[in-house]
Amino acid sequence: MQIAITSGKGGTGKTTVALGLALTGGPLTLIDADVEEPNCQVLLAGEPMGKEPAKVMVPTFAEDACARCGHCARACRFNALVVGNRGHLLFPELCHGCGACQLVCKHGAIREGEREIGVISRFARGDIRLLEGRLNVGETSGVPLIRQLKRKAVKEDLAIVDSPPGTSCNMVAAVAGANYCLLLTEPTLFGRHDLEAALTVVEALGIPKGVVINRSGDGDGLIEEICRQRGVPVLARIPHDGKLAEAYAEKPSVRAGCRYPGGAEPDPVRCGSGDQRQHRPQGLQSLVGQRDPGLYRFWDDRGRSGGGI
Ligand code: SF4
Ligand code: SF4
């Protein structure tokens, strides 16, 4: 099962919530698909388990065998290839590695080469496995890297995908194929506008979805109205509370957030046990089945008072 955490807008708390869900208990894989600025590891502080280069296919040319017919350049939808009298000119950053040029060449003058576009790193903490993608500076698309990341977790029991912000190709690649999508938003006009854009993408992909309102407060009506109109449930709210920001700034925010109202501090990795479990937010609990969604104290408070779920 894959749960994608996304939002149209940056800075709405995707990583915080992705980590919060991950720390409710594994085994699971957390995929940091925000490949232009991955930061799950900053908060998770997992043990490095190795890294490998992420590569895409790029064509290489046997100029001696080339008849200069130009079919390959015409087949390229991305204008990554030019054929001149003296040979080929490839713009590697524009090449999507689709292989169309190789397919149309009748002279066998195009072979497959490789180009490095970034790095995939693995980290572990307890029974949480983190897969992080980091795109090289200057690359125009993170889509191939995100797809490679997700393929590595395809057989996992549970994977949580921290998606990139916005509604661009990177976001679509991160969310596509998820079994459920959590959309983070904030109760501002900006947040509402971007939530609508993200909802449109997720609806087009046919993925079941729910909304989490971060910095929840007086303006929640803005978001509730959209959710009502589009038939999307509000699963949880994270209050606009300075204590949460302080905990986040101290880095082990998730650990701090997992403290329960009684003051008990559960195990940082597998938080929530015994009587504490009765307070867990039901809407989010249903996402992770029998797993233990300890989640945030703040959410618990809301959940118990009936305002959160
Ligand atoms: S299609 Fe093949 S033969 Fe024609 S220009 Fe391209 S590489 Fe050369
Ligand atoms: S592999 Fe695809 S994108 Fe790259 S040059 Fe060939 S046709 Fe163009």
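Residues numbered from 1 in each chain as written. Chains lettered and ligands numbered in written order. Predicted model: local features only at pLDDT ≥ 70, side-chain atom pairs only at ≥ 80, totals over all residues.

Draft legend 1. Focus on the site of ligand 1. Neighbouring ligand 1 are 14 residues; Cys66, Cys69, Cys72, Cys105 and Ala109 lie closest to it. Considered class by class, the residues forming the shell around ligand 1 number ten nonpolar, three polar and one charged. (Near = placed C-beta within 6 Å. Nonpolar A, V, L, I, M, F, W, Y, C, P; charged D, E, K, R; others polar.)

Draft legend 2. Broad picture of unusual backbone geometry. In this model, Ala45 sits at a positive phi of 50°, which is unusual for a non-glycine residue. Given 11 C-beta atoms within a 10 Å radius, Ala45 is considered exposed. Phi angles above zero are rare outside glycine, and Arg215 is one such case at about 55°. For Arg215, the position within the fold is in strand β10 (residues 209-216). Its 21 C-beta neighbours within 10 Å are what place Arg215 among the buried residues. (Buried ≥ 20, exposed ≤ 12 C-beta atoms within 10 Å, placed from the backbone. Helix = DSSP H or I, 4+ residues; strand = E, 2+ residues; numbered from the N terminus.)

Draft legend 3. Layout of the site of ligand 2. Close contacts around ligand 2 come from 13 residues, with Cys76, Cys95, Cys98, Ala100 and Cys101 the closest. Here the shell around ligand 2 is composed, by residue class, of ten nonpolar, three polar and no charged.

Draft legend 4. Local environment of the sheet that holds β10. Spatial strand order, β3-β6-β7-β2-β8-β1-β9-β10-β11: nine strands in an open sheet with mixed pairing. Of all strands in the sheet, those with a lone pairing partner are β3 (47-61) and β11 (234-239), marking the two edges. Here the strands of the sheet are splayed against their neighbours by 20° on average, with no regard to which way each runs. This element, helix α1 (residues 14-22), spans β1 (2-6), β2 (28-32), β7 (128-135), β8 (159-162), β9 (180-185) and β10 of the sheet and lies at about 170° to β8. Packing against the sheet, helix α5 (residues 143-152) makes contact with β2, β3, β6 (110-125) and β7, and its axis sits at approximately 165° to β7. (Pairing = 2+ DSSP bridges. Axes fitted to C-alpha atoms, helices over the stretch in contact; angles between N-to-C directions. Contact = placed C-beta atoms within 7 Å.)

Draft legend 5. Up close: α5. Listed in full, the buried residues belonging to α5 are Pro144, Leu145, Ile146, Leu149 and Lys150. Its buried side turned inward, α5 meets β2, β3, β6, β7 and α6 (169-175).

Draft legend 6. Spotlight on the confidence of the model for the protein. Mean pLDDT over the protein stands at 81; residues scoring 70 or higher make up 80%. Of all the helices and strands in the protein, helix α12 (residues 297-305) carries the lowest mean pLDDT, 36, while helix α3 (residues 71-75) carries the highest, 97. Here residues 252-309 is a poorly scored stretch, pLDDT under 50, and it has 112 contacts once near neighbours within four places are set aside; other chains count. (pLDDT = per-residue confidence, 0-100.)

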